[in-house]
Amino acid sequence: MIAKKNYAEKALMKKTLAMHEESTSRRKVDDDVHDGAVPAYLLDRENTTRAKILSNSIKQKRKEKAGKWEVRPVAEDEMFKVIRSGKRKTKQWKRMVTKATFVGPGFTRKPPKYERFIRPSGLRFTKAHVTHPELKCTFNLEIIGVKKNPNGPTYTSLGVITKGTIIEVNVSELGLVTPAGKVVWGKYAQVTNNPENDGCINAVLLV
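Starting from 1, residues in each chain are numbered consecutively following that chain's sequence as written. Since the coordinates come from a predicted model, pLDDT governs what is reported: local features require at least 70, and pairs of side-chain atoms require 80 or more to be given and counted, while whole-chain, interface and lining totals use all residues. Neither water nor hydrogens contribute to the side-chain values; these are computed over all heavy atoms in the structure.

Peer 1: Explanation requested: the pattern of salt bridges in the structure shown.
Peer 2: Charged atoms that come close allow side chains of opposite charge to pair. Criterion for a salt bridge: a side-chain nitrogen of Lys or Arg within 4 Å of a carboxyl oxygen of Asp or Glu. On inspection of all chains with the given rule, the structure shows three salt bridges. With a shortest N-O distance of 3.2 Å, Lys99 and Glu196 are connected by a salt bridge. One end of the pair, Lys99, is in the loop between strand S4 (91-97) and strand S5 (100-101); the other, Glu196, is in helix H5 (residues 195-198), with 97 residues separating them in the sequence. Taken together, the salt bridges that share partners define one network made up of Glu78, Lys99 and Glu196. Strands here mean DSSP runs of E at least two residues long; helices mean DSSP runs of H or I at least four residues long; both are numbered from the N terminus.

Peer 1: Whenever I open this one, the side chain of Lys94 confuses me. Can you help?
Peer 2: The residue Lys94 is located in strand S4 in this model. Buried Lys94, no salt bridge; nearest opposite-charge side chain is Glu115, N-O distance 5.7 Å. Under the rule applied, a polar contact is a pair of N or O atoms within 3.5 Å (in protein, one hydrogen donor and one hydrogen acceptor; residues adjacent in sequence only if both atoms are side-chain atoms). In this structure the side chain of Lys94 is engaged in a polar contact, spanning 2.5 Å, whose partner is the backbone oxygen of Pro112. The contact rule is simple, with two residues in contact once any of their heavy atoms fall within 4.5 Å. Residue contacts for Lys94: discarding those within four places in its chain leaves Lys81, Val82, Ile83, Ser85, Pro112, Glu115, Arg116 and Ile118. Only protein chains enter the accessibility calculation, which uses a 1.4 Å probe. A residue is then buried if its area is under 20% of the maximum for its type, exposed if over 50%, and partly exposed in between. We count Lys and Arg on the positive side and Asp and Glu on the negative side, and we leave His and both chain ends out.

Peer 1: Honestly, the sheet that holds strand S6 (residues 117-118) in this entry has me stumped. Any pointers?
Peer 2: Backbone hydrogen bonds are what pair the strands of a sheet, in a parallel or an antiparallel way. Judged by pairing direction, the sheet is mixed, and its three strands sit side by side in the order S3-S4-S6 without closing on themselves. Every interior strand has two partners, whereas the edge strands, strand S3 (80-85) and S6, have only one. The pairing of S3 with S4 spans five bridges and is classified as antiparallel. If you follow Ser85 over to S4, its bridge partner there is Lys91. Any two strands with at least two DSSP-identified bridges between them are counted as paired.

Peer 1: How do you make sense of the environment of Val184 when you look at a structure like this?
Peer 2: With respect to the helices and strands, the residue Val184 is situated in the loop between strand S10 (166-170) and strand S11 (186-191). By relative accessible area, Val184 is classed as buried at 15%. A C-alpha to C-alpha distance of 6.2 Å links Val184 and Ser172, two positions 12 residues apart in sequence. In this view, Val184 contacts Val171, Ser172, Leu176, Val177 and Thr178; residues no more than four positions away in its chain are not counted.

Peer 1: Explanation requested: the nonpolar core in the structure shown.
Peer 2: For soluble globular proteins, nonpolar side chains are generally found buried alongside one another. Here, nonpolar core means buried Ala, Val, Leu, Ile, Met, Phe, Trp, Tyr and Cys residues that are tied together by side-chain atoms lying within 4.5 Å of each other. Of all hydrophobic cores here, the largest spans 18 residues; its most connected members are Val130, Ile143, Ile161, Ile167, Val169, Ala189 and Ile201. For this core, the element with the most residues is strand S8 (residues 137-148), which contributes three residues. Look past the residues within four positions of Ile167 in its chain and what remains in contact with it is Ala128, Ile143, Gly145, Val146, Lys147, Ile161, Lys187, Tyr188, Ala189, Val191, Ile201 and Ala203.

Peer 1: Which parts of the structure should I look at to understand the environment of Cys137?
Peer 2: Mapped onto the elements of the fold, Cys137 is located in strand S8. Contact partners of Cys137, with chain neighbours within four places excluded, come to Val130, Thr131 and His132.

Peer 1: Help me understand the side chain of Thr162 in this model?
Peer 2: With respect to the element layout, Thr162 can be found in the loop between strand S9 (160-161) and S10. Separated by 3.4 Å, the side chains of Thr162 and Asn149 make a polar contact. Apart from the residues lying within four places of it in its own chain, the contact partners of Thr162 are Met79, Lys99, Asn149, Asn151, Val191, Asn193 and Pro195.

Peer 1: Explain the environment of Gln190 here, please?
Peer 2: Turning to its location among the elements, Gln190 is positioned in strand S11. A sequence separation of 41 residues divides Gln190 from Asn149, and the C-alpha atoms of the two residues are 9.9 Å apart.

Peer 1: Would you mind showing me how to read the pairing of S4 here?
Peer 2: Here is the key point about a regular strand: its side chains alternate between the two faces of the sheet. The turn joining S3 and S4, which pair antiparallel and follow one another in sequence, is formed by five residues; a positive phi near 95° is taken by Gly86. Relative to S6, S4 runs parallel, the two being bridged by two bridges. Each bridged residue has a counterpart across the sheet, and for Met96 the counterpart in S6 is Ile118.

Peer 1: Mind showing me how you'd approach the packing of aromatic side chains here?
Peer 2: Both the distance between ring centres and the angle between the ring planes are used here to describe each pair of aromatic rings. Each Phe, Tyr or Trp ring, with Trp reduced to its six-membered ring, pairs with another whose centre is within 6.5 Å; inter-plane angles below 30 degrees give stacked pairs, above 60 give edge-to-face pairs, and intermediate values give tilted ones. For the structure shown, the criterion picks out two aromatic pairs. For the pair Phe80 and Phe117, a centre-to-centre distance of 5.3 Å together with 40° between the ring planes defines the contact as tilted. Of this pair, Phe80 sits in strand S3 while Phe117 sits in strand S6, placing them 37 residues apart in sequence. Overall, the relative accessible area of 7% leaves Phe80 in the buried class. Classification of Phe117 as partly exposed rests on a relative accessible area of 22%. Ring geometry for Phe80 versus Tyr155: centroids 5.6 Å apart, planes at 40°, classification tilted. With Phe80 in strand S3 and Tyr155 in helix H4 (residues 153-158), the pair connects residues that are 75 residues apart, well separated along the chain. Each member of the pair, Phe80 as well as Tyr155, is classed as buried. Aromatic rings pair up to connect Phe80, Phe117 and Tyr155 into one cluster.

Encoded structure:
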């Protein structure tokens, strides 16, 4: 009895998996069969529908938007430098960020006693050189915030900017307008260089 029940469950699971599996199978359009109908292999391509055309096109667009630059994962030792603190320099709970960062305009540091992550002022950036891919022009735009760092949410919350990071920039001076006629204020851009090496942030606008 148990074996029979397990067999039935397995068969049902296989059926559901087969249903959910994405296939690029071509399905024949269900038309009424007329006299002198030709077999399926002689049918013209116009009478067939490619499965999941819409989802494939959406996936393709997402891939294009996600970015074309290969991102090398950054190790924690490379990202943070251990800072020794305390009277005898025995405490090692502080970290100094060694990469470029962005902090908001109203940012104030915590007291040294409570500051776990130190972001040096020399590596803080407020502007980025953003290239518009269609206009083929580069603009020096203000950074609004860090949307996503590919290395993890910790770096995103700290505002660390490395290659491949998605940043939000102020594009109000470009005069971009939505189809509804509203002025676009903020737009996303992807960083294409290593800011800590170059001393500046270069990015491409995600149109």
